[in-house]
Amino acid sequence: MTQIESLYQEIILDHYRNPHHKGLREPFDAQVHHVNPLCGDEVTLRVALKDAGGEPAVADVSYDALGCSISQASASVLADMVIGKTVREAMGINGAFLALMQSQGQAEPDEDLLGDAIAFEGVSKYPARIKCALLGWMAWKDATAQALAAVDTDGGDADGKEQS
Amino acid sequence: MTFDVARIRKDFPILERQVRGGQPLAYLDSANTSQKPRQVIDAMSEFYERHNANIHRASHQLGEEATAAYEGARLAVASFIGARDATEVVFTKNISEGINLVAYALSNAATAGQDAARLAVGPGDEIVITEMEHHSNIVPWQLLCQRTGATLRWFGVTDDGRLDLSQLDELITERTKLVALAHQSNVLGTVNPVKLIAERAHQVGALVLADAAQSVPHQPVDVQDLGVDFLGFTGHKMCGPTGIGVLWARRELLEAMPPFLGGGEMIETVWMDHSTFAPPPHKFEAGTMPIAEAAGLAAAIGYLTETGREAIAAHEHDLLAYALPALAEIDGLRLLGPAEPVDRGTAISFEVDGVHPHDVSQVLDELGIAVRAGHHCAWPLHRRLGVQASTRASFYLYTTRDEVDALVAGIRHAQRFFGTV
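Residues numbered from 1 in each chain as written. Chains lettered and ligands numbered in written order. Predicted model: local features only at pLDDT ≥ 70, side-chain atom pairs only at ≥ 80, totals over all residues.

1. Some points on the overall build of chain A
Moving on, step 1. A count of helical and extended segments in chain A gives 6 helices and 3 strands.
Moving on, step 2. Tracing chain A from N to C terminus, the helices and strands come up as α-α-β-β-β-α-α-α-α.
Moving on, step 3. Computed over the C-alpha atoms, the radius of gyration of chain A is 15 Å, within 12% of the 15 Å expected from 2.2 N^0.38 for a compact globule of 164 residues.
Moving on, step 4. Projected onto the principal axes, the alpha-carbon positions of chain A cover approximately 55 × 30 × 25 Å.
Moving on, step 5. Taking all 164 residues of chain A together, 40% fall into the buried category.
Moving on, step 6. In chain A, once contacts between residues fewer than 6 apart in sequence are set aside, the share between residues at least 24 apart is 62%. (Helix = DSSP H or I, 4+ residues; strand = E, 2+ residues; numbered from the N terminus. Rg over C-alpha atoms; globule rule 2.2 N^0.38 Å. Buried ≥ 20, exposed ≤ 12 C-beta atoms within 10 Å, placed from the backbone. Contact = placed C-beta atoms within 7 Å.)

2. Overview of the overall build of chain B
Moving on, step 1. Within chain B, the secondary structure is distributed over 15 helices and 17 strands.
Moving on, step 2. The C-alpha atoms of chain B give 22 Å as radius of gyration, which agrees with the globular expectation for 421 residues (22 Å, within 12%).
Moving on, step 3. Counting only C-alpha atoms and orienting by the principal axes, one finds that chain B spans roughly 70 × 55 × 40 Å.
Moving on, step 4. By residue count, 51% of the 421 residues in chain B fall in the buried class.
Moving on, step 5. Within chain B, contacts between residues at least 6 apart in sequence are counted, and of these 69% link residues at least 24 apart.

3. A word on helix α13 (residues 357-366) of chain B
Residue and element names in this part refer to chain B.
Moving on, step 1. Along α13, 9 of the 10 residues are buried, which leaves the element largely enclosed by surrounding structure.
Moving on, step 2. Taken together, the buried positions of α13 are occupied by Pro357, His358, Asp359, Val360, Ser361, Gln362, Val363, Leu364 and Glu366.
Moving on, step 3. Positive backbone phi, at 90°, marks glycine 368, one or two positions downstream of α13.

4. A few points about the pairing of strand β1 (residues 30-35) of chain A
Residues and elements named next belong to chain A.
Moving on, step 1. In this structure, β1 lies alongside strand β2 (residues 42-52), joined through 6 bridges in antiparallel fashion. Looking at β2, one finds that valine 35 is bridged to glutamate 42.
Moving on, step 2. Joining the antiparallel neighbours β1 and β2 is a turn of 6 residues, in which glycine 40 adopts a positive phi near 85°. (Pairing = 2+ DSSP bridges.)

5. Some points on the domain arrangement of chain B
Residues and elements named next belong to chain B.
Moving on, step 1. What the domain assignment reports for chain B is domain 1 (5-30 + 309-417) and domain 2 (42-305).
Moving on, step 2. One C-alpha centre belongs to domain 1, the other to domain 2; they are set 29 Å apart.
Moving on, step 3. Contact with domain 1, which involves 22 residues of that partner, is made by 24 residues of domain 2.
Moving on, step 4. If you list the elements that add at least two residues to the side of domain 1 that touches domain 2, you get α12 (309-328), β14 (347-352) and α14 (379-384).
Moving on, step 5. At 5 residues, α12 tops the list of elements feeding residues into the side of domain 1 that touches domain 2. (Domains from an automatic or database assignment.)

6. What about the interface of chain B and chain A?
Moving on, step 1. With 15 residues of chain B in contact, the opposing surface of chain A contributes 12 residues.
Moving on, step 2. Broken down by element, the residue count for the side of chain B that touches chain A peaks at 5 residues, all from α13(B).
Moving on, step 3. Taken together, the residues of the side of chain B that touches chain A sort by class into 4 nonpolar, 8 polar and 3 charged. (Nonpolar A, V, L, I, M, F, W, Y, C, P; charged D, E, K, R; others polar.)

7. Quick look at the environment of Thr276(B)
All names here are of chain B.
Moving on, step 1. Mapped onto the secondary structure, threonine 276 falls in strand β12 (residues 275-277).
Moving on, step 2. On a C-alpha basis, the gap between threonine 276 and alanine 150 in space is 29 Å, while along the polypeptide they are 126 residues apart.
Moving on, step 3. Excluding residues that lie within four positions of it along the chain, threonine 276 makes contacts with Ile267, Glu268 and Thr269.

8. A look at the sheet that holds strand β3 (residues 55-66) of chain A
Residue and element names in this part refer to chain A.
Moving on, step 1. Strand order in this open sheet of 3 strands is β1-β2-β3, and the pairing throughout is antiparallel. For this open sheet the edge positions go to β1 and β3, each flanked by a neighbour on one side alone. Averaged over neighbouring strand pairs, the angle between their axes works out to 25° when direction is ignored.
Moving on, step 2. Sitting on the sheet, helix α3 (residues 69-82) touches β2 and β3, and the angle it makes with β3 is about 160°.
Moving on, step 3. On top of the sheet, helix α6 (residues 127-153) reaches β1, β2 and β3; it is set at about 45° to β2, its chief contact. (Axes fitted to C-alpha atoms, helices over the stretch in contact; angles between N-to-C directions.)

9. Describing the pairing of β3(A)
A regular strand places its side chains on the two faces of the sheet in alternate fashion.
Moving on, step 1. Looking at chain direction, β2(A) and β3(A) are connected through 11 bridges and run antiparallel. For Leu49(A), the partnering residue across the bridge sits in β3(A) and is Val58(A).

10. Regarding the nonpolar core
Moving on, step 1. Ile81(B), Val179(B), Val208(B), Val228(B), Trp248(B), Ala294(B) and Ala295(B) are the most contacted members of the largest nonpolar core, which has 131 residues in total.
Moving on, step 2. Looking at this core, the element that brings in the most residues is helix α11 (residues 291-307) of chain B, giving 11 residues.
Moving on, step 3. In this structure, this core is formed jointly by two domains, domain 1 (5-30 + 309-417) and domain 2 (42-305) of chain B, each of which donates at least three residues.
Moving on, step 4. Beyond its immediate chain neighbours, meaning those up to four positions away, Val179(B) contacts Val128(B), Ile172(B), Ile197(B), Ala201(B), Ala206(B) and Val208(B).
Moving on, step 5. Listed in part, the 43 residues of the second largest apolar core include Val43(A), Val77(A), Val123(A) and Ala147(A). (Core = buried A, V, L, I, M, F, W, Y, C linked by C-beta atoms within 7 Å.)

11. Topic: the environment of Leu320(B)
Residue and element names in this part refer to chain B.
Moving on, step 1. Structurally, leucine 320 can be placed in helix α12.
Moving on, step 2. Leucine 320 gets classed as buried once you count the C-beta atoms within 10 Å, which come to 22.
Moving on, step 3. The sequence separation of leucine 320 and alanine 373 amounts to 53 residues, and the corresponding C-alpha distance is 20 Å.
Moving on, step 4. The contact partners of leucine 320, leaving out residues within four places of it in the chain, are Pro341, Arg344 and Thr346.

Right, here's the structure in full:
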């Protein structure tokens with residue numbers, strides 16, 4: 001069963017059984033709700049930003065998610081990867097993860113950049129699971145974009161306001 | 001005579017396939033789409049190789065042959081479902097299109113002249129569906145109500161997956177214009193009491209549409225016996241090709257209904273500022289229709305008829321009687337829908353504690369077993385049952401007990417893989 005083991009690597013199953021940063025917390029700057037209409041997987045995700053030497057950084061990502069092992073584990077890894085990074089760095093990781101998902105098994109991913117997210121490489125060979133792996137990441141991107149927009153409109157006030 | 005499933009399987013070339021690096025295919029997703037026997041594939045190839053031309057308007061021998069194939073398919077359908085005559089059979093691309101055809105007729109009726117006016121739906125009118133419907137028998141009605149100001153109401157579902165008929169007389173009233181319901185549920189397998197509901201509907205002057213996508217392939221269906229006004233089904237779920245479906249409707253309704261799609265072939269005369277329309281069924285068949293697909297559908301009807309629809313239904317009942325207890329024995333598996341093989345078809349949906357349907361289906365896929373995971377285009381039903389998503393296995397005439405055994409073993413394997421047992 002080696003092919004399926006490349007999909008369900010131990011790291012993924014670990015994150016599935018013990019998801020990191022799970023739960024919805026305050027304060028937050030934006031909240032989104034994303035759904036995969038094919039299977040009903042869903043995630044509610046909040047982003048809290050902070051200032052890191054003049055540029056925005058990710059203070060916290062909290063979430064509540066219902067879905068398959070891939071979507072749950074992916075949300076957990078996402079939170080691990082972006083919390084504490086600047087938004088700029090986190091968006092870079094996000095882009096690299098998206099590219100990995102779209103690589104159809106042909107990629108040579110950057111382990112330093114992606115960390116545990118590299119474990120999802122096998123997903124790229126199973127088209128039906130790509131949206132599962134991306135669910136949390138797309139939700140985070142959306143929430144962060146909304147949080148940044150709110151900061152712009154309110155002239156720097158980013159404190160516990162729900163955006164969606 | 002015992003049902004020779006091994007011989008039947010030889011008619012389906014795809015069933016020989018191996019998948020995922022050497023696993024024999026166990027195809028348990030027929031409710032999604034059915035596999036096709038050689039006879040259907042050959043009928044379509046032969047049409048293109050020997051008889052291809054456009055129909056009705058071609059004035060040469062090939063045109064005659066193509067027209068005979070197409071209109072011959074219509075006759076075959078009429079006979080298959082007990083229609084009074086073939087003019088009551090409208091070809092569509094699938095059943096979703098057929099249901100939309102009816103929904104649009106009911107809103108367009110308001111602006112389509114005298115004959116259609118009695119069909120018009122407006123504020124104060126009600127459309128009644130059920131909570132177990134496929135999205136294709138929900139969304140068109142939502143859109144109809146949006147267009148017209150009518151109100152959408154629905155039958156609930158009991159905990160064991162049957163229609164809740166306790167409010168029958170309160171739901172279907174003089175305000176009801178149409179009741180639309182599944183003959184057989186694609187998730188629960190439940191066979192609904194369409195006849196009973198049609199009787200109530202007619203008492204109050206309402207029309208009835210049956211979604212027979214999951215019943216026509218699996219059991220003999222007679223539109224006169226059911227007493228419905230409209231019935232839809234689709235070729236690809238009954239061993240036929242994709243791209244062709246059927247809407248059957250009573251003749252006088254088709255005569256009163258305004259056209260759905262306008263274009264060539266559905267006209268009688270055309271001027272620049274107005275047109276008149278062909279009589280049914282052609283009034284509802286605009287443009288070039290799926291001709292080769294009709295030939296394929298006719299071959300599928302022939303195949304199912306020759307195999308014997310009662311025999312197919314009995315074979316599936318046997319499988320169901322075997323599978324339901326075997327699945328119920330799995331610790332941590334929750335069956336959705338009726339647990340007994342009574343008024344119940346072979347769509348079997350279930351939850352496995354601690355293992356998401358996507359993961360169950362992934363493990364099964366690795367073992368060569370094809371099932372479906374998600375909400376199976378019945379999201380409201382899943383919400384009603386308190387289930388986020390489910391795994392669905394579905395059987396057909398080519399399904400074997402060995403495949404059921406493989407399914408059971410595969411589920412247990414998934415439980416071990418994810419460490420829930």
